Amino acid sequence: MKLTLDWNCLIELEECRAQAPYVTELVAMHRKGKFEVALLAASASENSKSKQFPGNASLFHQRVSALGLQDLPMVRMPGIIGLSYWDFCYRVEDGEKFERDMDALWATIAPKVPRKPSEHLPNGVALTDQAIQSEALWKWRNTWCDVISAYSHIHEGRDIFVTNNTSDFQKNALRLSELGMQHISTPVEALDLVDRIKRTP
């Protein structure tokens, strides 16, 4: 059984929110060998509250280490120039299939958010690495992180996607299951789901 924690789960821990004890319990069960809990490399590209790009991979490492989660495995992401860190990604072999899969996930998770980053920039502003990391594209980057997280989870053939982002994931669970996301749960739901799956003959 392979569970994937998205960045919202780590924020629960950082800010001692309501789901934090359940995230802690999932991690404890991973360490006891009950099932595997992994972090998403895509989380390194998540936006901060300042709406700025988070900087570099070392900052991501620091935040993970501060939570004592550096021993958890990492779900790697496709390598995208300007958006991914080379320590955490792999080269996409079939670019056309990758784009089709991303388009399908994007249309499901955020149908009202234009897919092309250039559509979010003011007229005349070129789509450079600097522009991709700018505040102007914070909403697009947040959506991109959700979509690439879903893609990475599916690509690695994992079982349960654990997130508190109910508006984008749980409400679209049926369509996402058709695209390869078998189960989508909050941390507390994930504990119950693992127990039920293990008890199913």
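We now turn to the structure provided with this report. Please read these numbers as outputs of a predicted model, since none were measured by experiment.

Conventions and cut-offs
Residues numbered from 1 in each chain as written. Predicted model: local features only at pLDDT ≥ 70, side-chain atom pairs only at ≥ 80, totals over all residues. Heavy atoms only, no water. Helix = DSSP H or I, 4+ residues; strand = E, 2+ residues; numbered from the N terminus. Contact = heavy atoms within 4.5 Å. Buried < 20%, exposed > 50% of the residue type's maximum accessible area, 1.4 Å probe, protein only. Arc of directions from axis to C-beta. Phe/Tyr/Trp six-rings, centres within 6.5 Å; stacked < 30°, edge-to-face > 60°.

Now for the side chain of Thr 143. As for its placement among the helices and strands, Thr 143 is situated in helix H6 (residues 138–155). Aside from chain neighbours lying at most four places away, what touches Thr 143 is Trp 106, Ala 110 and Val 113.

An α-helical segment advances 3.6 residues per turn. Residues three or four places apart therefore align on the same side. Burial in helix H3 (residues 57–66) covers these residues: Ala 57, Phe 60 and Val 64. Projection of H3 onto a plane perpendicular to its axis shows the buried side chains occupying an angular sector of 55 degrees, all on one side.

One pair of aromatic rings is described through two measures. These are the centre distance and the angle between the planes. According to the stated counting rule, one finds five aromatic pairs in the structure shown. Each ring, one from Trp 7 and one from Phe 60, has its centre 5.6 Å from the other, and the planes form 45 degrees; the classification is tilted. Residue Trp 7 is located in helix H1 (residues 7–14), and its partner Phe 60 is located in helix H3; the two are separated by 53 residues in the primary sequence. This pair shows no difference in class: Trp 7 is buried, exactly as Phe 60 is. Considering the side-chain rings of Phe 60 and Phe 88, the 5.4 Å spacing of their centres and the 75 degrees angle between planes classify their relative orientation as edge-to-face. On the criterion of sequence distance, the pair formed by Phe 60 in helix H3 and Phe 88 in the loop between strand S4 (77–78) and strand S5 (89–90) is long-range, its members being 28 residues apart.

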